[in-house]
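Examining the three-dimensional arrangement
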Amino acid sequence: MPGGADFPNLNAALVAVESGVRIDIILLVGSVQHSYPMTQYMTSELGYTLVIRGAETDPDKFPIIQRTSQDYYNFLGRNSVRFENLIFEGNTAFDSGDPTGRLHSFKNCIIRNFTGTSNANSFYLNQGGGSTEAEFINCLFVNNARVFAFNRWNSHPTFRVINCTFDGNAQLFSNTTPFVNNFSFMNCIFSNNTITFPDNTMRARVTHSLTSEPISAYGTGCVSSPHPRYVEETRTNPSDWRIAHDSPAKNMGVTIGAPFDDIAGNLRYWGAGCWFE
């Protein structure tokens, strides 16, 4: 909003947005790492893109958003929203709704420890018949029971996953979907996941990525290796997923269509995953 305003927490800022106050960017600030519940019910159509961003640039210190209620079906179905420099934890999905011409963007985000095995417990549920557009750039997905879910009845949504790292998840996708013509996974790392892809139709949409699976059904430029060689064998902090100098992910990937920096803002030359070496 013009001139800015201070709010005690994320929900309070969302209450203001829902009441009609124009807030283009909600910036989460603080000298220590805070945890913010995101549980405010919202249904308004804003007419502009809302940005929710952490002020911290060190991924180990990104603010944490707790997702334990409210799927934002109505709000996301009516609005474009960008999330940047955030950690997400919880057990409640963001539901895309059934939008036309709306973008849901997650950049430099960490999605971890999502629990539950239903579509509603995943991180992002993409459903409907409209022209949904979602993108995930420089994101780290770790230790989740389920990451993405689909409930499509027609139309091919745009679904871009670029320079993301998926490690130690039970299930990346709840189910397959025939509407994958506009799906793309580029410059990613898939390691130590119990179930990576539900079928070869989706594997064929993956290019220039490192995977622990055989690559016979994968797209162009993929490499199979059981050892991505992260800098730490035991990983807890987001920086533990940086790739080592001898990682097979280091000298692969493409630059066209890829971000110029990594999850921490370091200049990226090439390579797979959310971190540059």
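Look up: the structure comes first, before these words.
Residues numbered from 1 in each chain as written. Predicted model: local features only at pLDDT ≥ 70, side-chain atom pairs only at ≥ 80, totals over all residues. Heavy atoms only, no water.

Re the nonpolar core
In this structure, Phe88 and Phe136 are the most contacted members of the largest nonpolar core, which totals 53 residues. With five residues, helix 1 (residues 10–18) is the single largest residue contributor to this core. Setting aside its immediate chain neighbours within four residues, Phe88 contacts Ile65, Arg67, Phe83, Phe94, Phe106, Cys109, Ile110, Ile111, Arg112, Phe114 and Phe123. Residues Ile110, Ile189, Ala249 and Ala272 belong to the second largest nonpolar core, which totals 17 residues. (Core = buried A, V, L, I, M, F, W, Y, C linked by side-chain atoms within 4.5 Å. Buried < 20%, exposed > 50% of the residue type's maximum accessible area, 1.4 Å probe, protein only. Helix = DSSP H or I, 4+ residues; strand = E, 2+ residues; numbered from the N terminus. Contact = heavy atoms within 4.5 Å.)

Looking at helix 1
Burial in helix 1 covers these residues: Leu10, Asn11, Ala13, Leu14, Ala16 and Val17. On its buried side, helix 1 packs onto strand 1 (25–28), strand 2 (35–37), strand 3 (50–54) and strand 4 (64–67). Structurally, the start of helix 1 carries an N-cap: the backbone nitrogen of Asn11 is 3.2 Å from a side-chain oxygen of Asn9. (Polar contact = N/O pair within 3.5 Å; in protein donor to acceptor, adjacent residues only side chain to side chain.)

Regarding the environment of Phe179
Within the element layout of this structure, Phe179 appears in the loop between strand 13 (165–167) and strand 14 (183–186). Taking C-alpha positions, Phe179 is 9.6 Å from Thr158, a pair spaced 21 residues apart along the chain.

Remarks on the side chain of Ser247
Inspection of the secondary structure puts Ser247 in the segment after strand 18 (223–224). The class of Ser247 is buried, set by a relative accessible area of 5%. With near-sequence residues (within four places) excluded, Ser247 lies in contact with Pro228 and Arg229.

Let's talk about the packing of aromatic side chains
Enumeration according to the criterion identifies 33 aromatic pairs in this entry. On the numbers, 6.0 Å between centres and 75° between planes, the contact of Phe88 with Phe106 is edge-to-face. Here Phe88 is found in strand 5 (residues 81–90), whereas its partner Phe106 is found in strand 7 (residues 103–112), with 18 residues between them in sequence. When the ring of Phe150 is compared with that of Phe183, the centres are 5.3 Å apart and the planes differ by 40°; the resulting orientation is tilted. In this pair, Phe150 is assigned in strand 11 (residues 148–152) and Phe183 in strand 14, connecting sequence segments 33 residues apart. The ring of Tyr48 carries Arg22 above its face, with NZ or CZ at 4.2 Å from the centroid. Note that Arg67 overlies the ring of Phe94, its terminal NZ or CZ placed 4.1 Å from the centroid. (Phe/Tyr/Trp six-rings, centres within 6.5 Å; stacked < 30°, edge-to-face > 60°. Lys NZ or Arg CZ within 6 Å of the ring centre and 35° of its normal.)

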